[in-house]
Amino acid sequence: AQSVTQPDIHITVSEGASLELRCNYSYGATPYLFWYVQSPGQGLQLLLKYFSGDTLVQGIKGFEAEFKRSQSSFNLRKPSVHWSDAAEYFCAVGANQGGKLIFGQGTELSVKP
Amino acid sequence: GAVVSQHPSRVICKSGTSVKIECRSLDFQATTMFWYRQFPKQSLMLMATSNEGSKATYEQGVEKDKFLINHASLTLSTLTVTSAHPEDSSFYICSASSAGGYEQYFGPGTRLTVT
């Protein structure tokens, strides 16, 4: 069965520091992978996605993620975190066109001055 | 592009009443729409998948008679919570995808409070 694991429930980083949020998935075929961000009381905003091709994908707001098939991982990174990046981050895997997404548990990011 | 709206953004209703939440795709045709429920500090839980003109497919454990989903057009899906109770209080989020699309576009969510 498909599953997504985000091992870190809560991460705190200093403003300006680098960030890496971990995501591991379990899926038999090549998955469609997504990272979303959610501010309190809001919907989800897509940061980036991977369908195929280059395994390093660039997203909005300076985020990037790397698909590593051998590790079944799709970690999200940002070289320098801004206070406005504080939010909840969700990794998700999809199986096919128009298919449902399986979400990870989410990682709450706090940014300290 | 690919904007999804939800209405209302917040609703308070009394126990035993029904409440309807609308999900609209504003600039594309949504052949498939999804309804999620999210508890505080938790992830999204898929409730059901609906294809335009077809009956919704509910996830295991979701009561289809309590959460009525209608997807009558390519731009509108509705979720009706019937005979709401306090335990139905939650954040409900819809998403939509177009034909042949891999990506889901999410609405801003609806906060339901049942008193």
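Our subject is the structure listed above.
Below you will find a few notes about this structure. (Residues numbered from 1 in each chain as written. Chains lettered and ligands numbered in written order. Predicted model: local features only at pLDDT ≥ 70, side-chain atom pairs only at ≥ 80, totals over all residues. Heavy atoms only, no water.)

1. Topic: unusual backbone geometry
Then, number 1: Residue Pro8 of chain B follows His7 of chain B across a cis peptide bond; omega there is 0°.
Then, number 2: Within the element layout of this structure, Pro8 of chain B appears in the loop between β1 (4-7) and β2 (10-13).
Then, number 3: With a phi angle near 60°, Lys61 of chain A is a residue other than glycine that sits in the positive phi range.
Then, number 4: Locating Lys61 of chain A in the fold gives a position in the loop between β7 (56-58) and β8 (64-68).
Then, number 5: With phi around 60°, Lys41 of chain B is a residue other than glycine that occupies positive phi space. (Helix = DSSP H or I, 4+ residues; strand = E, 2+ residues; numbered from the N terminus.)

2. A look at the nonpolar core
Then, number 1: Core analysis: the biggest nonpolar cluster contains 26 residues, and Leu19, Trp35, Leu47, Leu48, Phe74, Leu76 and Tyr89 of chain A have the highest contact counts within it.
Then, number 2: No other element matches the 4 residues that strand β10 (residues 87-94) of chain A contributes to this core.
Then, number 3: With 24 residues, the next largest nonpolar core counts Val19, Met47, Leu79 and Leu112 of chain B among its residues. (Core = buried A, V, L, I, M, F, W, Y, C linked by side-chain atoms within 4.5 Å. Buried < 20%, exposed > 50% of the residue type's maximum accessible area, 1.4 Å probe, protein only.)

3. Considerations on the interface of chain B and chain A
Then, number 1: In this assembly, 21 residues from chain B lie in contact with 22 residues from chain A.
Then, number 2: Around 1700 Å² of area is buried between chain B and chain A when both sides are counted, 55% of it from carbon and sulfur atoms.
Then, number 3: On the chain B side of the contact with chain A, Tyr102, Glu103 and Phe106 of chain B bury the most area, a combined 36% of that side's loss.
Then, number 4: Across the contact surface, chain B and chain A share 3 salt bridges.
Then, number 5: A salt bridge links Glu108 of chain A to Lys41 of chain B, with the shortest nitrogen-to-oxygen separation between them at 3.5 Å.
Then, number 6: Across the chain B-chain A interface, the total number found is 6 residue pairs in polar contact (both at pLDDT 80 or more).
Then, number 7: Elements with a minimum of two residues in the side of chain B that touches chain A: β4 (32-38), β5 (44-51) and β9 (90-97) of chain B.
Then, number 8: Here the element with the most residues in the side of chain B that touches chain A is β4 of chain B; it accounts for 4 residues. (Contact = heavy atoms within 4.5 Å. Buried area = accessible area lost by both parts, 1.4 Å probe. Salt bridge = Lys/Arg side-chain N within 4 Å of Asp/Glu carboxyl O. Polar contact = N/O pair within 3.5 Å; in protein donor to acceptor, adjacent residues only side chain to side chain.)

Any functional reading would require information that these geometric values do not contain.
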